[in-house]
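One-letter residues, chain by chain:
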Amino acid sequence: MAQEDDLELDSDEAPKPKSKSKLFIIIGVVVLLLGISATATLLITGILSDEQEGSAAEQTDTGNKAAKNQKQAKGPLNYVPMDPPFVVNFNADTDVRFLQITVEVGTRDPDAVDLVKEHRPAIRNSLVMLFGNQDPETLNSREGKEKLRSETLAEIQKVMTEETGDVGVDSVF
C-alpha cells in the first residue's frame with residue numbers, strides 16, 4: 001500500500017508541471033495572436049503605413065489646385081431650385097406636344113448660390129433654348145435623359161463662366 005501511495009503522489013505531481021507549461025504556451029500564443037491582430041489593424045487603418053507621408057508630400061506639390069479641390073470637397077452640396085418649372089413646346093409632329101422640366105442646380109461654393117440666383121434670367125433663357133430643341137423620342141430613353149442632363153449642366157456652366165468668370169456649378173438635377 002505504501003508503494004501505491006507513493007505512485008499516486010508521483011502521478012499527482014507529474015501533471016502539475018505539464019499543466020503549467022501548457023498554460024505558459026497558451027498564454028504565449030494568445031499574446032502573439034493579439035500582437036499580430038493589433039499590427040494588422042493598424043496597417044489596415046493606415047496608422048502605420050507610409051502612404052500618408054507620401055500623400056502629404058504630393059498635396060504640398062499640387063499647390064492651390066489641391067487646396068481648391070479640398071475646399072469644394074469639404075463643403076456640403078447646396079441646391080438652388082430654378083423655379084418655376086420649365087415648359088417648352090415641341091415643333092415635331094408627335095403625340096407629345098410639350099415638355100415640363102423641374103431643374104435644381106447643385107454647388108459646393110456658398111458664394112455661387114447667390115451668383116446662380118443673380119444670373120437666373122440668363123440661365124433660364126439658355127435652358128429654354130436648349131429644351132425647346134430636344135427630340136421627344138430621344139427623351140424616352142435613359143441615355144437621352146442623361147445626355148440632356150449633361151447638356152443642361154454644360155449650358156449653365158457656360159452662362160456662369162460668361163457672367164462671373166467661374167463655372168461655380170457642380171451638378172444639375
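Values in this document were obtained by computation on a predicted structure and should not be read as measured data.

1. Topic: the overall build of the protein chain
Here is step 1 of the chain: Scanning the protein chain for helices and strands turns up seven helices and five strands.
Here is step 2 of the chain: Helices and strands in the protein chain line up, N terminus first, as α-α-α-α-β-β-β-β-α-α-α-β.
Here is step 3 of the chain: Across the 173 residues that make up the protein chain, the buried fraction comes to 22%.
Here is step 4 of the chain: Looking at the protein chain alone, contacts between residues at least 24 apart form 63% of all its contacts between residues at least 6 apart.
Here is step 5 of the chain: As displayed, the protein chain has an accessible area near 12600 Å², and 56% of this comes from carbon and sulfur atoms.

2. A look at unusual backbone geometry
Here is step 1 of the chain: That bond from D83 to P84 is cis: its omega, -5°, falls within 30 degrees of zero.
Here is step 2 of the chain: Structurally, P84 is set in the loop between β1 (78-81) and β2 (86-89).

3. Quick notes on the pattern of salt bridges
Here is step 1 of the chain: Summed over the entire model, instances satisfying the criterion amount to two salt bridges.
Here is step 2 of the chain: Put simply, E146 and R149 hold a salt bridge, and the shortest N to O gap is 3.4 Å. Taken together, the residues span about one helical turn, with E146 and R149 both in helix α7 (residues 142-164) at a distance of three residues.
Here is step 3 of the chain: Between K147 and E151 there is a salt bridge whose closest N-O contact spans 3.5 Å. Of the two residues, K147 and E151 both sit in helix α7, four residues apart, roughly one turn of that helix.

4. Digging into the nonpolar core
Here is step 1 of the chain: In terms of nonpolar packing, the biggest core is built from 23 residues, with I123, F131 and I156 touching the most fellow members.
Here is step 2 of the chain: Elements with a contribution of two residues or more to this core: β2, β3 (98-101), α5 (110-118), α6 (120-132) and α7.
Here is step 3 of the chain: Element by element, the count of residues in this core is highest for α7, at five residues.

5. As for the sheet that holds strand β5 (residues 171-172)
Here is step 1 of the chain: Sheet architecture is open: three strands sit in the order β1-β4-β5, paired in antiparallel fashion. A single partner strand is all that each edge strand has here, and the edge strands are β1 and β5.
Here is step 2 of the chain: As paired elements, β1 and strand β4 (residues 104-107) share four bridges and run antiparallel to each other. Pairing of Y79 across the sheet is with G106, part of β4.

6. Let's talk about the confidence of the model for the protein chain
Do not read the predicted coordinates in detail wherever pLDDT is low.
Here is step 1 of the chain: This prediction gives the protein chain a mean pLDDT of 76; 73% of its residues lie at or above 70.
Here is step 2 of the chain: The low-confidence segment residues 52-67, where pLDDT is below 50, has three contacts with residues more than four positions distant or belonging to other chains.

7. So, the packing of α5 against α6
Here is step 1 of the chain: Following both chains from N to C, one finds α5 and α6 inclined at 65°, their axes separated by 5 Å at the closest point. Viewed along their axes, α5 and α6 adopt a mutual orientation that is roughly perpendicular. The residues of α6 that touch α5, namely those facing V116, K117 and E118, are R120, P121 and I123.

8. Re α5
Every α-helix winds through 3.6 residues per turn, so residues three or four apart in the chain are directed the same way.
Here is step 1 of the chain: Taken together, the buried positions of α5 are occupied by A112, V113 and V116. All buried residues of α5 project into a common sector of 110° when viewed along the axis, lining one side. Exposed residues lying more than 90 degrees from the buried face of α5 are P110, D111, D114 and E118.
Here is step 2 of the chain: The inward-facing, buried residues of α5 abut β1, β4, α6 and α7.

Cut-offs applied
Residue positions are counted from 1 within each chain, in the order its sequence is given. Reporting of local features is limited, given that this is a predicted model, to residues whose pLDDT is at least 70; pairs of side-chain atoms are given and counted only at 80 or more, and all residues count toward the totals for whole chains, interfaces and linings. Calculated side-chain values reflect all of the structure's heavy atoms, with hydrogen atoms and water omitted. Under the DSSP-based scheme used, a helix requires at least four consecutive residues in state H or I and a strand at least two consecutive residues in state E, with every element numbered from the N terminus. Think of it in three bands: with a 1.4 Å probe and only protein chains considered, a residue is buried below 20% of the maximum accessible area for its type, exposed above 50%, and partly exposed in between. Between two residues, a contact is recorded if the distance between any of their heavy atoms is within 4.5 Å. Throughout, the Shrake-Rupley method with a 1.4 Å probe supplies accessible areas, and for residues the shown protein chains are the sole cover considered. In what follows, salt bridge is the name for a side-chain nitrogen of Lys or Arg lying within 4 Å of a carboxyl oxygen of Asp or Glu. Throughout, nonpolar core names a set of buried Ala, Val, Leu, Ile, Met, Phe, Trp, Tyr and Cys residues whose side chains join them through atoms within 4.5 Å. The rule for pairing is simple: two strands pair if DSSP sees at least two bridges between them. Here pLDDT means the predictor's own confidence in every residue, given as a number from 0 to 100. Here the axes come from fitting lines to C-alpha atoms, over the contacting stretch only for helices, and the angles between their N-to-C directions go from 0 to 180 degrees. Orientation labels follow simple angle bins: below 35 degrees gives roughly parallel, above 145 gives roughly antiparallel, 65 to 115 gives roughly perpendicular, and whatever is left gives oblique. An arc is given here, and it is the one of the directions from the helix axis to the C-beta atoms.

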